[in-house]
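Given next are the chains, with one letter for each unit.
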Amino acid sequence: MASPFEHYVAPARARPGLWRLFLGIGMIVAGWFLWTVLVMSGFVLWRMSAGDPVPLALDALKGFVASKSPAAVIFQLLTFAGIWPAVWVTMRLLHRQTLGSLLSPEGRIRWGEFMGGAGIAVGFWAITIIIGGAVVGLPERTGLSFGAWAAAFLPLLVLVFFQASAEELVFRGYLLQQLAARWRSPAIWAALPGFLFGLAHYSNGAALGIGIHYVAVTTLFGLAAAALVWRTGSLAAAMGLHTAMNMFSLSGIGLEGIIEGTQLYLYDGALAKVLFMADGLSTLAILLFVLSPLCPFRERETVT
């Protein structure tokens, strides 16, 4: 008999050599990098086919990525799609596991839990908007027309799902599962991937002087997502939480200076520190809620 979490971690116990974990991380990062280069090369080749020499094509790529347009945001999200095949190859070749073993013991996404995680995100944003509105007021309407926003919404939703789920696949799937197969302490299998996840987001807020704040909030988020995996024995709820949160910040209300171009409303970048404090409180509330008896997901019942 084992808990749902133990059942989730079990496949990783078959090949516990620590070298596999380090090599696997390298393979995933390399696969993601190669896919990103391929996507960007496609843009450069497209510009070259229109007559641009290589230097001008590269300048056009830089300008496009920095353009704060819906197309630029969608283009950046597309680079995350390469994480999925990178993880698949790593699991098959290095660990002799299926990609599905990172999703759940059944080898699939539990869509009910996915929607439950998304529901928690809705509550998160409701709390954040209330706190933010009370402290700094309401955000300002962007110049993006509703028609352009609607046209970008569906491709944005699809790519946000792949981006957010890919990050969960790596940090709360691969890393968490491999670490939990070797160490039982959540200080290792939950906190370490959470901190690495936060550290990976430092650059997102560095230009606004909130890099450390960004790391703190995203680390808290990583702990909340890990708690969902522990609670459910599945990656689905964490994927739903992450997807819904990113979708709201990229299509609804965002912060000036952090991935702009697809939002209807933006807060002034000067308010970043105050808003991230509100985000931190809301994220802490999510973590405590998931760990509490009030969490709607099933308790740690045993499974065979």
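As shown above, the structure is provided for reference.
About the thresholds
- Throughout this document, residue positions are counted from 1 along each chain, in the order its sequence is written.
- Per-residue local features of the predicted model are confined to residues with pLDDT of at least 70, and side-chain atom pairs are confined, for both listing and counting, to 80 or more; whole-chain, interface and lining totals are unaffected and use all residues.
- Note that the side-chain values use all heavy atoms of the structure and ignore hydrogens as well as water.
- Strands here mean DSSP runs of E at least two residues long; helices mean DSSP runs of H or I at least four residues long; both are numbered from the N terminus.
- For the radius of gyration, the atoms used are the C-alpha atoms, and the globule rule reads 2.2 Å times the number of residues raised to 0.38.
- When accessible area is computed with a 1.4 Å probe and restricted to protein chains, residues below 20% of their type maximum are described as buried, those above 50% as exposed, and intermediate ones as partly exposed.
- In this description, contact between two residues means that some pair of their heavy atoms is separated by no more than 4.5 Å.
- Methods summary: accessible areas were calculated by the Shrake-Rupley approach with a probe of 1.4 Å, and residue burial reflects only the protein chains presented.
- Stacked, tilted and edge-to-face are the three classes applied to pairs of Phe, Tyr and Trp rings, where Trp contributes its six-membered ring and a pair requires centres within 6.5 Å; stacked means planes under 30 degrees apart, edge-to-face means over 60, and tilted covers the rest.
- Expected span, for any helix, means 1.5 Å times one less than how many residues it has.
- Arc definition: it is the arc formed by the directions from the helix axis to the C-beta atoms.
- All axes are obtained by fitting lines to C-alpha atoms, using only the stretch in contact for helices, and the reported angles, taken between N-to-C directions, cover 0 to 180 degrees.
- When the near helix sits turned anticlockwise from the far one by under a right angle, the crossing is termed left-handed; a clockwise turn instead gives a right-handed crossing.
- Gly is placed with the polar residues, together with every amino acid not listed as nonpolar (Ala, Val, Leu, Ile, Met, Phe, Trp, Tyr, Cys and Pro) or charged (Asp, Glu, Lys and Arg).
- For two strands to be treated as a pair, DSSP must find at least two bridges joining them.
- What we call a nonpolar core is a set of buried Ala, Val, Leu, Ile, Met, Phe, Trp, Tyr and Cys residues that are connected through their side-chain atoms within 4.5 Å.

Trainee: Can you lay out the overall build of the protein for me, pointing to particular residues and giving the numbers?
Mentor: A count of helices and strands for the protein gives 13 helices and three strands. Radius of gyration (C-alpha) of the protein: 20 Å, near the 19 Å computed for a compact globule of 304 residues. Seen through its principal axes, the protein has C-alpha atoms that stretch 60 × 50 × 30 Å. Going through the 304 residues of the protein one by one, you find that 50% of them count as buried. Within the protein, residue pairs in contact and separated by at least 24 positions form 77% of the contacts whose partners lie at least 6 positions apart. Total accessible area computed for the protein in this model is approximately 13,900 Å², and 73% of it derives from carbon and sulfur atoms.

Trainee: Let's hear about the environment of Ser282: which residues, and what values?
Mentor: Here Ser282 lies in helix 13 (residues 272-291). What Ser282 contacts, discounting residues up to four positions off in sequence, is Phe124, Ile127, Thr128 and Ile131.

Trainee: How would you summarise the packing of aromatic side chains if you had to cite specific residues and measurements?
Mentor: A complete count under the given rule lists 18 aromatic pairs for this structure. Aromatic side chains Phe5 and Trp189 sit 4.6 Å apart centroid to centroid with 35 degrees between the ring planes, which places their arrangement in the tilted category. Taken as a pair, Phe5 in helix 1 (residues 4-9) and Trp189 in helix 8 (residues 186-189) lie far apart in primary sequence, 184 residues in all. In this structure, Phe5 and Trp189 share a single accessibility class: buried.

Trainee: Tell me about helix 3 (residues 54-65), and name the residues and values.
Mentor: Over its twelve residues, helix 3 runs 17 Å from end to end, which matches the ideal 16 Å to within 8%, given 1.5 Å per residue. Those residues of helix 3 that sit buried are Ala57, Ala60 and Leu61. Projected onto a plane normal to the axis of helix 3, the buried residues spread over an arc of 105 degrees and lie on a single side. Turned more than 90 degrees away from the buried face of helix 3 sit Pro55 and Lys62, all of them exposed.

Trainee: Just give me the short version of the packing of helix 9 (residues 191-200) against helix 11 (residues 211-232), but keep the residues and values in it.
Mentor: Contact pair helix 9 / helix 11: the axes reach a minimum separation of 7 Å and the direction vectors enclose 145 degrees. The hand of the helix 9/helix 11 crossing is right-handed. Residues Ala191, Gly194, Phe195, Phe197, Gly198 and Leu199 of helix 9 lie in contact with helix 11, whose contacting residues are Val215, Thr218, Thr219, Phe221, Gly222 and Leu223. The residue makeup of the contact of helix 9 with helix 11, split by class, is seven nonpolar, five polar and no charged.

Trainee: Please set out the sheet that holds strand 1 (residues 140-141) residue by residue, giving values where relevant.
Mentor: Within a sheet, adjacent strands bond to each other through the backbone by hydrogen bonds, running parallel or antiparallel. On the basis of which strands lie adjacent, the open sheet formed by three strands has the order 1-3-2 and mixed pairing. This sheet does not close on itself; its edge strands, each paired only once, are strand 1 and strand 2 (253-255). In this structure, strand 2 lies alongside strand 3 (residues 265-267), joined through three bridges in parallel fashion. Its bridge partner being in strand 3, Leu255 is matched across the sheet by Tyr267.

Trainee: Which residues make up the nonpolar core, and what are the values?
Mentor: Among the nonpolar cores identified, the biggest contains 55 residues, and Phe5, Val87, Leu102, Leu169, Trp189, Met239 and Leu241 are the most heavily contacted of them. At the level of secondary structure, the elements contributing two or more residues to this core comprise helix 1, helix 2 (18-49), helix 5 (83-95), helix 6 (111-136), helix 7 (146-180), helix 11, helix 12 (236-251) and helix 13. It is helix 7 that provides the largest number of residues to this core, a total of ten residues. Beyond its immediate sequence surroundings of up to four residues, Met239 is in contact with Trp84, Leu103, Ile109, Phe114, Ser165, Glu168 and Leu169. Judged by nonpolar contacts, the second largest core, of ten residues, contains Ile210, Tyr214, Val217 and Tyr267.

Trainee: Could you give an account of the side chain of Glu113, naming the residues involved and the relevant values?
Mentor: Looking at where Glu113 falls in the secondary structure, it is placed in helix 6. By relative accessible area, Glu113 is classed as buried at 13%. Sequence-distant contacts of Glu113, defined by excluding residues within four places in its chain, comprise Thr232, Ser234, Ala236, Ala237 and Phe297.

Trainee: I'd like to hear about unusual backbone geometry, residue by residue, with values.
Mentor: Glycine aside, residues mostly have negative phi angles, and peptide bonds mostly take the trans form. A positive phi angle, near 55 degrees, is found at Lys68, a position not held by glycine. Here Lys68 lies in the loop between helix 3 and helix 4 (70-78). Lys68 sits in the exposed class, given a relative accessible area of 53%. Residues other than glycine seldom take positive phi values, yet Ile259 does so here, at roughly 45 degrees. Locating Ile259 in the fold gives a position in the loop between strand 2 and strand 3.

Trainee: Quick one: what's the story with the environment of Ala190, residue by residue and with numbers?
Mentor: Take Ala190: it is sitting in the loop between helix 8 and helix 9. For Ala190, a relative accessible area of 10% translates into the label buried. For the pair Ala190 and Leu223, spaced 33 residues apart in sequence, the C-alpha separation works out to 6.1 Å. Among residues more than four places away in sequence, those in contact with Ala190 are Leu223 and Ala226.

Purely geometric stuff here, so don't read any function into it on its own.
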